[in-house]
Amino acid sequence: MSLTLSLLLLIAISQPCVSDRTAVKNDNSESESRKLMFILAGQSNMAGRGGVNENKWDHIIPTECGPHPTILRLNASLHWVEATEPLHADIDVRRTCGVGPGLSFANWIREPVKEGGWRLIGLVPCAVGGTRIQEWSRGSVLYQQMIGRTKAALTSGGKIGAVLWYQGESDTVRHEDAYSYRARLEKLIFDLRTDLHLPHLLFIQVALASGEGPYLKIVREAQKGITLPNVKYVDAIGLKLEGDHLHLTTHAQVQLGIMLAGSYLNSGINGNGDSSHAWSRKTKLKLLCYVLLILYFTIS
């Protein structure tokens, strides 16, 4: 049996049945306190440009990115609503948004985090296209917005599970930005953990698949070279790009979301800080799918 066919079969049997879906009312206080939240930050590939061509989105939404009543997003007005694509439509407002990795990530972890006692998944979109990492430094507009939105998300209860970070394409243009990237990202992680009073906050970054300038390799090396505790990365190299050779396609965004989910589940934290939690057979299958997916991109 080929690796591709094996992967597809494993994904099929590890997905929850539609009949298993149980609606949870958004105003239920018990559910709100059992909300596991994820900060989505960075630039355009996190905001989502899947299916966007010539500033028009094709409105094609893969099954993996479909809505679910237990997956919410914090909108621009700081209200929790059911998450639908595009997640960043009212956040990255100067550009046309399409499919990003957030919903495929959330759908992939939905059943495993339920095992840990979490009833809701909350996505906190913060990404803005075309931004350099210096624009995310402490005290900047983007940084303050991210901190403000995260604190607002926490007011109704719950916990931050991780930061999902995909940024750096704009830092490949100038030599200075590329060579300063590692120090600036490490400072950002430190500041986030400090200001949110979460010293062990999990930070999962995406190593770039593309860049706007000639210093892509330097930024990638900086991303992969970070050795801070609870900082992980998934590698986007090999994922298919749109015709602009910069943004991930819709299908690639789905794959990226699954890769991020695999990294999160593989961290062993499960949203409770409990690394000893015994995953169920279904979750173990999802982790195996993740390993096979990484292997597939490595050898293909």
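As shown above, the structure is provided for reference.
## Side note on the packing of aromatic side chains
1) Next: A complete count under the given rule lists five aromatic pairs for this structure.
2) Next: Here the aromatic rings of Phe105 and Tyr264 are separated by 6.3 Å at their centres, their planes lie at 70°, and the arrangement is edge-to-face. On the criterion of sequence distance, the pair formed by Phe105 in helix H4 (residues 102-115) and Tyr264 in helix H8 (residues 250-266) is long-range, its members being 159 residues apart. Each of the two residues, Phe105 as well as Tyr264, counts as buried.
3) Next: Relative to Phe203, the ring of Trp165 lies with its centre 6.1 Å away and its plane at 40°, an arrangement referred to as tilted. Of the two residues, Trp165 sits in strand S7 (residues 159-166) while Phe203 sits in strand S8 (residues 203-207), which places them 38 residues apart along the sequence. Take Trp165 and Phe203: they sit in the same class, and that class is buried.
4) Next: An aromatic cluster of at least three residues, connected via ring pairs, comprises Phe38, Phe105 and Tyr264.
5) Next: Looking at Arg34, its charged tip hangs above the ring of Trp118, at a distance of 4.2 Å from the centre.

## Thoughts on the pattern of salt bridges
1) Next: Counting across every chain of the model gives eleven salt bridges.
2) Next: A cluster of three or more residues bridged by salt bridges with shared partners is formed by Arg132, Arg174, Asp177 and Arg184.

## Let's talk about the packing of H4 against H8
1) Next: Orientation of H4 relative to H8, taken along the N-to-C sense of each, is 35°, at an axis distance of 7 Å. Crossing geometry of H4 relative to H8 is assigned as right-handed. Note on element contacts: H8 touches H4 through Gln253, Val254, Gly257, Ile258, Leu260, Ala261, Tyr264 and Leu265, opposite Ser104, Phe105, Trp108, Ile109, Pro112 and Val113.

## Focus on the sheet that holds S7
1) Next: A sheet is described by the order of its strands in space; here seven strands give the open sequence S5-S4-S6-S1-S7-S8-S9, paired in mixed fashion. A strand with exactly one partner marks an edge of an open sheet, and here the two such strands are strand S5 (80-82) and strand S9 (231-235). Going from strand to strand, the sheet's axes swing by 25° on average, the running direction of each strand aside.
2) Next: Sheet contacts for helix H5 (residues 141-154): strand S1 (35-42), strand S4 (71-74), S5, strand S6 (120-125) and S7; angle to S1, the most-contacted strand, approximately 170°.
3) Next: Lying on the sheet, helix H6 (residues 175-195) is in contact with S7, S8 and S9; it crosses S8 at an angle near 155°.

## So, the nonpolar core
1) Next: In this structure, Trp165 and Tyr264 are the most contacted members of the largest nonpolar core, which totals 77 residues.
2) Next: Looking at which element gives the most residues to this core, the answer is H8, with nine residues.
3) Next: Aside from chain neighbours lying at most four places away, what touches Trp165 is Ala41, Gly42, Met46, Ile133, Trp136, Tyr181, Leu185, Leu188, Phe203, Ile204, Gln205 and Val206.

## Examining the environment of Leu202
1) Next: Within the secondary structure, Leu202 sits in the loop between H6 and S8.
2) Next: Linking Leu202 and Asn230, residues 28 residues apart in sequence, is a C-alpha distance of 5.0 Å.

## Some points on the side chain of Arg193
1) Next: By the element assignment, Arg193 lies in helix H6.
2) Next: Once residues within four sequence positions are removed from consideration, Arg193 is found in contact with Leu198, Pro199, His200, Leu201, Phe203, Pro229, Asn230 and Val231.

What counts and how
- Residues numbered from 1 in each chain as written.
- Predicted model: local features only at pLDDT ≥ 70, side-chain atom pairs only at ≥ 80, totals over all residues.
- Heavy atoms only, no water.
- Phe/Tyr/Trp six-rings, centres within 6.5 Å; stacked < 30°, edge-to-face > 60°.
- Helix = DSSP H or I, 4+ residues; strand = E, 2+ residues; numbered from the N terminus.
- Buried < 20%, exposed > 50% of the residue type's maximum accessible area, 1.4 Å probe, protein only.
- Lys NZ or Arg CZ within 6 Å of the ring centre and 35° of its normal.
- Salt bridge = Lys/Arg side-chain N within 4 Å of Asp/Glu carboxyl O.
- Axes fitted to C-alpha atoms, helices over the stretch in contact; angles between N-to-C directions.
- Left-handed = near helix turned anticlockwise from the far one by under 90°.
- Contact = heavy atoms within 4.5 Å.
- Pairing = 2+ DSSP bridges.
- Core = buried A, V, L, I, M, F, W, Y, C linked by side-chain atoms within 4.5 Å.

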